[in-house]
Amino acid sequence: VHDCLGCPSGQFSAQGSAKCTSCAAGKYLTDDGTSPHKHTFEIACVTCASGMWSSNGSGTCSTCPSGTFLSDNSVDFRKHNSAEDCLVCSAGQWSSTNSSHCIDCLSGTYLADFGTSRAKHDGIDDCLVCEAGKYSDVNASECKKCPAGTFLTDNSENRTLHMRFTDCKVCL
């Protein structure tokens, strides 16, 4: 009598195979081998969702860290096959973990880093309030100076006082 063994999570085998084959990086198979019928074809390996990635033979996908995003939503497994597929947010944006996109900094704030450090994009607190004499729109990498003949005295205290050029008051 021949005993067939079930494949572990992250692996599959076709009928008559002598060994299990790992799911490709960017895909996963969660069943731990208790249901062998779930491991019979490569199609059982599922592409990770947006904001997630996996290595070869994974039983689950790993989440992209905060400050990064991965927008592909299970379309192309090759876009989910390493942590490097999680891209750092652009200037003026931040994200939490497992993000499919980055979130724009609110008007009155800015985030100057141009995608060089995920730690500089990992929360809304990375969006800094403009300094005195400046304002910003949403998704700003820097604050704009108030027009000549106007001023804005709030010094990085209240973002709602730095949201548009009309917040700059005329000098009297």
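Above this text you will find the structure in question.
Residues numbered from 1 in each chain as written. Predicted model: local features only at pLDDT ≥ 70, side-chain atom pairs only at ≥ 80, totals over all residues. Heavy atoms only, no water.

A. Highlighting the environment of Ser136. Along the polypeptide, Ser136 turns up in the loop between strand 13 (134-135) and strand 14 (144-145). Considered as a pair, Ser136 and Tyr110 are 26 residues apart in the sequence and their alpha carbons are 7.1 Å apart. Here Ser136 is in contact with Leu106, Ser107, Gly108, Thr109, Cys130, Glu142, Cys143, His162 and Met163, once residues within four sequence places are set aside. Polar contacts involving the side chain of Ser136 include one to the main-chain carbonyl oxygen of Thr109, which spans 2.7 Å. (Helix = DSSP H or I, 4+ residues; strand = E, 2+ residues; numbered from the N terminus. Contact = heavy atoms within 4.5 Å. Polar contact = N/O pair within 3.5 Å; in protein donor to acceptor, adjacent residues only side chain to side chain.)

B. Main features of the state of the cysteines. Per the counting criterion, the structure on display carries 8 disulfides. Between the sulfur atoms of Cys7 and its disulfide mate Cys20 the distance is 2.1 Å. Handedness of the Cys7-Cys20 disulfide follows from its S-S torsion of about -95 degrees: it is left-handed. With Cys7 in the segment before strand 1 (11-12) and Cys20 in the loop between strand 1 and strand 2 (21-22), this pair connects stretches of sequence that are 13 residues apart. Of the residues examined, Cys7 reaches a relative accessible area of 3% and is grouped as buried. The class for Cys20 is partly exposed, based on a relative accessible area of 27%. The side chain of Cys146 participates in a disulfide bridge whose partner is Cys168; the two sulfur atoms lie 2.0 Å from each other. (Disulfide = S-S within 2.5 Å. Buried < 20%, exposed > 50% of the residue type's maximum accessible area, 1.4 Å probe, protein only.)

C. The arrangement of unusual backbone geometry in detail. Positive phi, close to 65 degrees, is recorded for Ser74, a residue that is not glycine. Position of Ser74 relative to the elements: it lies in the loop between strand 7 (68-69) and strand 8 (87-88). On the basis of relative accessible area, Ser74 is assigned to the partly exposed category, the value being 33%.

D. A look at the environment of Asp76. Relative to the elements of secondary structure, Asp76 occurs in the loop between strand 7 and strand 8. It is 8.3 Å that separates the C-alpha atoms of Asp76 and Gly26, two residues lying 50 residues apart in sequence. Looking at Asp76, its side chain comes within polar contact range of the side chain of Arg78, at 2.9 Å.

E. Summary view of the pattern of salt bridges. Per the stated rule, a full pass over the model turns up 4 salt bridges. The partner of Asp137 in a salt bridge is Lys144, and the shortest N-O contact between them spans 3.2 Å. Residue Asp137 is classed as partly exposed on the basis of its relative accessible area, which comes to 38%. Relative accessible area serves as the criterion here: at 41%, Lys144 is assigned to the partly exposed category. With a shortest N-O distance of 3.5 Å, Arg164 and Asp167 are connected by a salt bridge. (Salt bridge = Lys/Arg side-chain N within 4 Å of Asp/Glu carboxyl O.)

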